[in-house]
Amino acid sequence: AARMANQLAGGDLATRVPETGAGEIRTLERSFNQMGASLERSRDELDRVLEEQAALRRVATLIAHGEPPAAVFAAVVEEAAGVLDVDGVRMLRREADGSATVLANTGIEKLRIPVGERMSTEGNNAITEVFRTGRIAWAETFSGPEGSFGAFANKLGIRLAGAAPIIVEGQVWGVMGIVSLRPRQPEEIGPRLAQFTDLVATAI
């Protein structure tokens, strides 16, 4: 146990003690392992926060330097994809007829939609819900006519899609959307995605 404690103090947070003792010794071993696991989780969470803050700073620097909107939008989706660990991120502008135009996107090639393409938001998808409510929305099932985001997601087997509003002067100007081919928990993505949309709104 003392040897393991030294390894833990030296930074090897994956160290664990075999729980083979009896009575109080086994209790000590279990407590030691719980402490190691807690420290490891705390380190991983700190690493995640630092990575996220660095990404946000890089985007904020572009905005502060007055970079063209297209460059800012492209940087935002790239940074968000890395931080959120999703398969695709796209930024969309809301149009007067309820459709949406793609301004930037990144991720797996088959999930990308060409910049400048305008698509329908009819049917079941997260983007339509954001346009309706002005709040973050999620979808795990999709539908819609040909040429819509819902049909696109359904065809590619997307397991989760989310969208967060970009609010400009009190109105939903557009959205940042994420897609995942793997099951994910929305609560681990939503608040972090919103930080990026706040920066985009500032830039606009």
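Note that the structure is a prediction, hence the values are computed from the model and not measured.

Peer 1: Please clarify how the side chain of threonine 101 should be interpreted in this entry.
Peer 2: Along the chain, the position of threonine 101 falls in strand 2 (residues 100-107). The buried category is assigned to threonine 101, whose relative accessible area is 7%. Once you skip the residues sitting within four places of it in the chain, threonine 101 turns out to touch Met91, Leu92, Arg93, Glu95, Gly116, Glu117 and Arg118.

Peer 1: Even after reading the chapter, I still don't get the environment of alanine 81, so can you show me in this structure?
Peer 2: Structurally, alanine 81 is set in helix 3 (residues 69-84). C-alpha separation for the pair alanine 81 and asparagine 105, spaced 24 residues apart in sequence, amounts to 9.5 Å. Non-local contacts of alanine 81, meaning those with residues more than four positions away in its chain, are made with Val86, Val89 and Thr106.

Peer 1: So what exactly am I meant to see when it comes to helix 4 (residues 126-133) here?
Peer 2: A turn of α-helix holds 3.6 residues, and therefore any two residues three or four places apart point the same way. For helix 4, every residue scored as buried is listed here: Ala126, Ile127, Val130 and Phe131. For helix 4, the buried positions fall inside an angular range of 140 degrees around the axis, keeping them on one side. Considering only its buried residues, helix 4 is in contact with strand 1 (88-94), strand 2, strand 4 (137-139), helix 5 (149-156), strand 5 (160-168) and strand 6 (171-180). Following helix 4 by one or two positions, glycine 134 adopts a phi angle in the positive range, close to 75 degrees.

Peer 1: Help me understand the packing of aromatic side chains in this model?
Peer 2: The geometry of an aromatic ring pair is captured by two quantities: the separation of the ring centres and the angle between the planes. Across all of its chains, the model carries one aromatic pair by this definition. Seen in terms of ring centroids, phenylalanine 73 and tryptophan 173 are 6.3 Å apart; in terms of plane orientation they differ by 50 degrees. Their pairing is tilted. One end of the pair, phenylalanine 73, is in helix 3; the other, tryptophan 173, is in strand 6, and 100 residues separate them in sequence.

Peer 1: I tried to follow the sheet that holds strand 1 on my own but got confused; where do I start?
Peer 2: Strand pairing in a sheet is mediated by backbone hydrogen bonds. Such pairs are either parallel or antiparallel. Strand order in the open sheet made by the six strands is 3-2-1-6-5-4, with antiparallel pairing throughout. Looking along the sheet, the strands with just one partner apiece sit at the ends: strand 3 (118-119) and strand 4. Pairing of strand 1 with strand 2, which is carried by seven bridges, proceeds in the antiparallel orientation. Within strand 2, the position partnered with methionine 91 by the bridge is alanine 104. Each of strand 1, strand 2, strand 4, strand 5 and strand 6 is contacted by helix 4, which is oriented at about 30 degrees to strand 5, the strand it contacts most. In this fold helix 5 packs onto strand 1, strand 2 and strand 3, with an angle of close to 170 degrees to the strand it touches most, strand 1.

Peer 1: Just checking my understanding: could you explain the pattern of salt bridges for this structure?
Peer 2: Between side chains of opposite charge, a pair can form as their charged atoms come close. The tally for this structure, following the rule as stated, stands at five salt bridges. Between aspartate 87 and arginine 182 there is a salt bridge whose closest N-O contact spans 3.7 Å. One end of the pair, aspartate 87, is in the loop between helix 3 and strand 1; the other, arginine 182, is in the loop between strand 6 and helix 6 (190-203), and 95 residues separate them in sequence. With its nearest N and O atoms 2.5 Å apart, the salt bridge here joins glutamate 129 to arginine 132. Separated by three residues within a single helix, glutamate 129 and arginine 132 lie in helix 4, roughly one turn from each other. Residue class for glutamate 129 comes out partly exposed when judged on its relative accessible area of 31%. In this structure, a network of salt bridges that share partners links the residues Asp85, Asp87 and Arg182.

Criteria and thresholds
Residues numbered from 1 in each chain as written. Predicted model: local features only at pLDDT ≥ 70, side-chain atom pairs only at ≥ 80, totals over all residues. Heavy atoms only, no water. Helix = DSSP H or I, 4+ residues; strand = E, 2+ residues; numbered from the N terminus. Buried < 20%, exposed > 50% of the residue type's maximum accessible area, 1.4 Å probe, protein only. Contact = heavy atoms within 4.5 Å. Arc of directions from axis to C-beta. Phe/Tyr/Trp six-rings, centres within 6.5 Å; stacked < 30°, edge-to-face > 60°. Pairing = 2+ DSSP bridges. Axes fitted to C-alpha atoms, helices over the stretch in contact; angles between N-to-C directions. Salt bridge = Lys/Arg side-chain N within 4 Å of Asp/Glu carboxyl O.

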